[in-house]
There are 2 protein chains.
Amino acid sequence: MSESSAAVRNTRQRSAVSALLGEMEGFHSAQDLHAMLRQRGERVGLTTVYRTLQGLADAGEIDVMRPPGGEHLYRRCSEGHHHHLVCRVCGRTVEVAGPAVESWADRVAAQHGYADVSHTLEIFGTCPTCPR
Amino acid sequence: MSESSAAVRNTRQRSAVSALLGEMEGFHSAQDLHAMLRQRGERVGLTTVYRTLQGLADAGEIDVMRPPGGEHLYRRCSEGHHHHLVCRVCGRTVEVAGPAVESWADRVAAQHGYADVSHTLEIFGTCPTCPR
DNA sequence: TGCGTTTTTGACAATCATTATCGTTGCCAC
DNA sequence: GTGGCAACGATAATGATTGTCAAAAACGCA
């Protein structure tokens, strides 16, 4: 029963992952990020990349997307809750906010007596510059 | 370059999977369904279960959900587009329709020039009968 | 109804992202 | 400076899903 002091230690590896995410555009897989770190000369283990990403995701500092392909994608995203509009051809992503959707989801869940509500929403389409 | 005649053949295995889905409530994984079929004495290969489920999903006859756990879940669902409100403890699921969400998603996508739009939305919560 | 063609099946192996393991390392508090 | 304890990381394990390919079954047509 740990009671406090989440004590997230400030390690070189955590900083490296966080910094990399800050510079990257778009979504990248854990394996991607790991490869990039090694290219930069940062010595970070793949396991640690996974752990760090999970931690950041839990803390709400990054966003996780689970595309049909089966690979988890991570991205430093703006604060607050939002969703993604993803081009299924080139992957270009637009962040979209939908306050109406948020409240709708909460309301629907409440109507059925569900508590502690969260939701996931992804929109897929073909962006203007991609051939259909 | 196949050109036509998808010619979906009517096989015993396909019927078995489809029938089973018709009787089941809630979501089940491919492996689950496979085990149930074997219990019934139906001799169906796991590979075939996967293929059949994929086919049914493509045809829009069943619904696929990809929970964080990582296992795909399949369910015979009502016609038309809808979403799911899932209890993250017991898995109890409620189908919910959200016309407002549909049109919102389409509108947002169109605003950004995205075509051929689809979306996925799942709501997670803790249902009234489950301890939090 | 019988036959040939084509799809489908299914056992098994391969794939591959993610997670567990566990000894070592290094951060942080005192 | 030093000790405790969380984080790290190389490797192995896991486990769902997909690929393979010969054999079997279904359908169309004569």
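Quick caveat: nothing in here was measured; it's all calculated off a predicted structure. Residue numbers restart at each chain and count upward from 1, following the sequence in its written direction. Just so you know, chain letters begin at A and ligand numbers begin at 1, following the order they were written in. Only residues with pLDDT of at least 70 are given local features in this predicted model, and only at 80 or more are side-chain atom pairs given and counted; all residues enter the totals for whole chains, interfaces and linings. Based on all heavy atoms of the structure, the side-chain values leave hydrogens and waters out of the count.

(A) Inspection of the sheet that holds strand S3 (residues 73-76) of chain B at higher detail. Residue and element names in this part refer to chain B. Two strands are counted as paired when DSSP detects at least two bridges linking them. Strands here are runs of E lasting at least two residues and helices are runs of H or I lasting at least four, both read from the DSSP assignment and numbered beginning at the N terminus. Spatial strand order, S1-S3-S2: three strands in an open sheet with antiparallel pairing. Pairing within the sheet leaves two strands with one partner each, and these edge strands are strand S1 (28-29) and strand S2 (62-65). Relative to S3, S1 runs antiparallel, the two sharing two bridges. Paired with His28 across the bridge in S3 is Tyr74. Packing against the sheet, helix H1 (residues 12-23) makes contact with S2 and S3, and its axis sits at approximately 80° to S3. Contact criterion: two residues are considered in contact whenever any of their non-hydrogen atoms come within 4.5 Å of each other. All axes are obtained by fitting lines to C-alpha atoms, using only the stretch in contact for helices, and the reported angles, taken between N-to-C directions, cover 0 to 180 degrees.

(B) Expanded view of the relation of the copies chain B and chain A. Alignment of the copies relies on least squares applied to C-alpha atoms, considering only residues that score at least 70 for pLDDT in both. Relative to chain A, chain B is turned by 180° and slid 0.0 Å along the rotation axis, the superposed coordinates differing by an RMSD of 0.2 Å. What we have between these two chains is a two-fold relation. Among all residues of chain B, the minimum C-alpha distance to the rotation axis is found for Leu121(B), at 2.2 Å. When the interface residues of chain B are mapped onto chain A, 100% of them are again interface residues, pointing to one common binding face.

(C) Quick peek at the pattern of salt bridges. Residue and element names in this part refer to chain A. Basic side-chain nitrogens of Lys or Arg form a salt bridge, by our definition, when they fall within 4 Å of a carboxyl oxygen of Asp or Glu. Across all of its chains, the model carries six salt bridges over all chains by this definition. Where Arg75 meets Glu95, a salt bridge forms, and the shortest distance between an N and an O atom there is 3.7 Å. A residue pair is termed long-range when its members are at least 10 positions apart, and Arg75 in strand S3 (residues 73-76) and Glu95 in strand S5 (residues 93-96) qualify at 20 residues. Arg75 gets classed as buried once you look at its relative accessible area, which sits at 12%. Taking relative accessible area as the criterion, Glu95 reaches 29% and is therefore assigned partly exposed. Three labels apply to residues, based on accessible area from a 1.4 Å probe with only protein chains included: buried if under 20% of the type maximum, exposed if over 50%, partly exposed otherwise in between.

(D) Broad picture of the domain arrangement of chain A. Residue and element names in this part refer to chain A. Boundaries between domains were set according to an automatic or database domain assignment. Taken domain by domain, chain A comprises domain 1 (3-73) and domain 2 (81-123). Computed over C-alpha atoms only, the centres of domain 1 and domain 2 are separated by 23 Å. Across the contact, four residues belong to domain 1 and five residues belong to domain 2. Across the domain 1/domain 2 interface, buried area totals approximately 330 Å², and carbon plus sulfur atoms make up 66% of it. The largest contributions to the domain 1 side of the interface with domain 2 come from Phe27, Asp63 and Met65, which together make up 93% of the buried area. One can count zero salt bridges joining domain 1 with domain 2. Pairs of N or O atoms are called polar contacts if they sit within 3.5 Å, as long as, within protein, a hydrogen donor faces a hydrogen acceptor (for residues adjacent in sequence, only side-chain-to-side-chain pairs). On the surface where domain 1 and domain 2 come into contact, there are one residue pair in polar contact (both at pLDDT 80 or more). Three residue categories are used. Nonpolar comprises Ala, Val, Leu, Ile, Met, Phe, Trp, Tyr, Cys and Pro, charged comprises Asp, Glu, Lys and Arg, and polar comprises the others, including Gly. Here the residues of the side of domain 1 that touches domain 2 are counted per class, giving three nonpolar, no polar and one charged. Accessible-area loss on putting two parts together, using a 1.4 Å probe and summing over both, is the definition of buried area adopted here.

(E) View of the UniProt feature "binding site: Fe cation" (unreviewed entry) in chain A. Residue and element names in this part refer to chain A. In the numbering used here, UniProt assigns the feature "binding site: Fe cation" (unreviewed entry) to His81, Glu102 and His119. Their sequence span is 39 residues, while the largest C-alpha to C-alpha distance among them is just 10.1 Å; these annotated residues converge on one region. Within the secondary structure, His81 is located in the loop between S3 and strand S4 (83-87). A distance of 3.3 Å separates polar atoms of two side chains, one belonging to His81 and the other to Glu102. Residue classification places Glu102 among the buried positions, given a relative accessible area of 16%. Once residues within four sequence positions are removed from consideration, Glu102 is found in contact with His81, His83 and His119. UniProt positions are given in the numbering used here, feature names are shortened, and annotations may be inferred rather than shown by experiment.

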